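# Residue-level structure breakdown
Residues per chain, in single letters:
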Amino acid sequence: MLGVATPARAQAGPPAPGDTLRLTLVEARSIALQANPLLGAARLDTTVARGEVRQSSLLIAANPSVEVLGASGGNGYEAGVSQEIEIFGQQGSRASAGRAGLARAKAGVSNATRLTLGDVDRTFYQLYSATRRRRLAEEVFALTQRIADVARRQLAAGEIGRLEFNLATVELGRTRTRALAAEREREGAAIELRRLLGVPSASPVAPVLDSTDVVAPEDIPDMPGQAFGEAVGPVAAPEPPNRRLNLDSLIALALSRRPDLAEREAAMRQAEAQATTARREALPNLLVRGVTEPSADGTGRAFRPGIGLTLPLFNRNRGRVQALRATARRAELERQSLALGIRAQVSAAAASFEAAAAEVQVLASTVLAPARQNRRLVEIAYREGKVGLPELLLIRNQAIDAELDYWAAWLAERQALASLAEATSANHPAIEESQR
């Protein structure tokens, strides 16, 4: 779904400041995985968790203590060493908590990857759509400038009245503001994409669509055998296909793959293991001790072994056990809430995609072709004097609105698909790869 794997060829790195960065979606994702600073910070969580695992794997957690005392009567000294040994499985429960913490950190990294790539996908499509709309707005503005120049000459020659001239002047201002708004939208999307990619703010970004941006039908459960759309512009299409998604399959996919669910499960296991450790720490531990002291006849030293138990009389860790059990229960409830939220996210994204895909199909198959044809014909008719300026602007604006409607629907379709891939966690490399 959405080209989730990153091909080996997509090894583009961040550009030098000022260089135009021409990127396909796959290359943009590759750069984000390498250079996004938040992802880099999230990956350090696994390093922290591995340190905790290493620490919890120690067979003997407590260090030995050494004592040196002066012997009675000033006759030499007494030296002793003691070691506390856990005998109720505290080390095993600590190791379990460490492993659960590592699994939690890996799932957190995978979830950060999922969210970041979802943002990259949506912003990439927004930038591409804004670029196309800006190009269209600039073309319309250039044409309107020519029309306004002609209207100015016609007014001076008395061929048209002030009403038609004012109409051309107003239309020139409207198309100019439309071009400025399109440029503002494009620049805003470019700034956001550069932030997500972690590239210098001065680097221009030019999005490029290729065949990897077209979704293959086999990537979606129970989809009909047709790709989801065209790579660039609309084409004369047959009747819109049935694009109903198998919602149950998508929800099942999301519940099996979502790393935030796995992170909550690992958090629950970690808290439970920590509670077990805290409870076992309130049990007595074995204390082994050995002492050397001057012998009774004063001719040497004698060794005296000893054994004992620690007595946890005052600190029974009851508060800590209670807190950790509540933490585990909270993680369990959060997981249940998250599962319900995932169902809603997938359902909403699927519904948005189906509606936008149908809109794109209608616009591409029944609206754009005649609108574009009318745009060319009315311009020819205007040059030949067969239609007036009001008719020209009316028909041309209808064609332009159809183009803008298409790109708005195209963007809604692509962003809904990106959101669906994000909601099902199908938009990033395999979990094992992202958790290394």
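Structure report, in brief. Nothing here was measured: the structure is a model prediction, and the numbers come from that model.

Along the backbone of the protein chain there are 9 helices and 6 strands. Sorting the 436 residues of the protein chain into buried and exposed places 41% on the buried side. Intrachain contacts of the protein chain at a sequence separation of at least 6 include 77% that bridge at least 24 residues. Split by element, the accessible area of the protein chain, about 22,200 Å² in all, is 55% carbon and sulfur.

This part covers the nonpolar core. In terms of nonpolar packing, the biggest core is built from 31 residues, with Leu197, Tyr406 and Trp410 touching the most fellow members. Put simply, the parts of the chain that give this core at least two residues each are strand E1 (21-23), helix H1 (25-35), helix H3 (90-157), helix H4 (162-197), helix H7 (318-383) and helix H8 (389-423). For this core, the leading source of residues is H8, giving 7 residues. Ignoring anything within four residues of it in the chain, the contact list for Leu197 reads Leu21, Leu23, Ala28, Ile31, Ala32, Ala35, Asn36 and Val120.

Glancing now at the pattern of salt bridges. On inspection of all chains with the given rule, the structure shows 27 salt bridges. For Glu185, the salt bridge identified is with Arg133, shortest N-O distance 2.1 Å. Taken together, the residues Glu185 in helix H4 and Arg133 in helix H3 connect sequence positions 52 residues apart. Here Glu332 and Arg329 are joined by a salt bridge, their closest N and O atoms 3.1 Å apart. Taken as a pair, Glu332 and Arg329 lie in helix H7 at a separation of 3 residues, close to a single helical turn. Among the residues examined, Arg329 registers a relative accessible area of 43% and is labelled partly exposed. The network of salt bridges with common partners includes Arg134, Glu138, Glu183, Arg186, Glu187 and Arg194.

This paragraph deals with the packing of aromatic side chains. Under the definition given, this model contains 6 aromatic pairs. An angle of 90° between the planes, with centres 5.8 Å apart, marks the rings of Tyr125 and Trp410 as edge-to-face. With a gap of 285 residues between them, Tyr125 in helix H3 and Trp410 in helix H8 connect regions that are remote in the sequence. There is no split in this pair, since Tyr125 and Trp410 are both buried. By way of ring pairs, the aromatic residues Phe124, Tyr125, Tyr128, Tyr406, Trp407 and Trp410 are connected into one cluster. If you follow Arg176 out to its NZ or CZ, it ends over the ring of Phe141, 5.3 Å from the centre.

Let's shift gears to H4. The end-to-end C-alpha distance of H4 is 52 Å, a good match for the 52 Å that 36 residues give at a rise of 1.5 Å each. One or two positions beyond H4, positive phi appears at Gly198, with a value near 70°.

Cut-off values and rules
Residues numbered from 1 in each chain as written. Predicted model: local features only at pLDDT ≥ 70, side-chain atom pairs only at ≥ 80, totals over all residues. Heavy atoms only, no water. Helix = DSSP H or I, 4+ residues; strand = E, 2+ residues; numbered from the N terminus. Buried < 20%, exposed > 50% of the residue type's maximum accessible area, 1.4 Å probe, protein only. Contact = heavy atoms within 4.5 Å. Areas by Shrake-Rupley, 256 points an atom, 1.4 Å probe, with all protein chains shown as cover. Core = buried A, V, L, I, M, F, W, Y, C linked by side-chain atoms within 4.5 Å. Salt bridge = Lys/Arg side-chain N within 4 Å of Asp/Glu carboxyl O. Phe/Tyr/Trp six-rings, centres within 6.5 Å; stacked < 30°, edge-to-face > 60°. Lys NZ or Arg CZ within 6 Å of the ring centre and 35° of its normal. Expected span 1.5 Å × (residues − 1).

Interpretation note: all reported values are geometric properties and have no functional meaning in isolation.
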